[in-house]
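A closer look at the structure
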Amino acid sequence: YWREPQFVYCRGFVLLGLLVLWFLADSSDWMMRYPTTFQIILMFKSCLNIMLLYFSYEALFITNTTSFEVRMNFSKRFPVPMDQILTLNFVLFVFLFVRPHALLFS
């Protein structure tokens with residue numbers, strides 16, 4: 001029964017972090033004064049967002065209900081790894097979060 005709060009809190013922390021960065025970008029000019037520091041913070045925030053979205057999706061996808069167990073028993077007949085769906089979504093999250101940011105690693 002902890003999966004719903006895990007989903008909500010993970011997604012909430014992602015939105016909260018993005019709103020904080022957006023607020024700091026509008027209210028001050030520290031991003032322009034310290035671009036290297038900002039890029040490091042943005043990189044770590046992107047990594048944290050990816051992990052939080054991955055855990056929230058995992059909490060939404062995997063459950064302890066009987067219908068999920070029946071579905072998993074049915075899928076055991078096929079040779080597809082269980083974590084394939086989660087891995088594909090993780091790659092999608094990495095692409096969606098890293099692509100819009102122009103991170104300069106120099």
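Details of the structure are given in the entry above.
All values reported here derive from a predicted model rather than from experimental measurement.

1. Topic: the pattern of salt bridges
According to the stated counting rule, one finds one salt bridge in the structure shown. Between Arg33 and Asp29 there is a salt bridge, with the nearest N and O atoms lying 3.3 Å from each other. Residue class for Asp29 comes out partly exposed when judged on its relative accessible area of 42%.

2. Thoughts on the packing of aromatic side chains
One pass over the structure, following the stated rule, counts two aromatic pairs. On the numbers, 5.9 Å between centres and 80° between planes, the contact of Trp30 with Phe38 is edge-to-face. Grouping residues by exposure puts Trp30 and Phe38 together as buried. An angle of 65° between the planes, with centres 5.9 Å apart, marks the rings of Tyr54 and Phe55 as edge-to-face. Since its relative accessible area comes to 23%, Tyr54 is described here as partly exposed.

What counts, and where the lines are drawn
- Residues numbered from 1 in each chain as written.
- Predicted model: local features only at pLDDT ≥ 70, side-chain atom pairs only at ≥ 80, totals over all residues.
- Heavy atoms only, no water.
- Salt bridge = Lys/Arg side-chain N within 4 Å of Asp/Glu carboxyl O.
- Buried < 20%, exposed > 50% of the residue type's maximum accessible area, 1.4 Å probe, protein only.
- Phe/Tyr/Trp six-rings, centres within 6.5 Å; stacked < 30°, edge-to-face > 60°.

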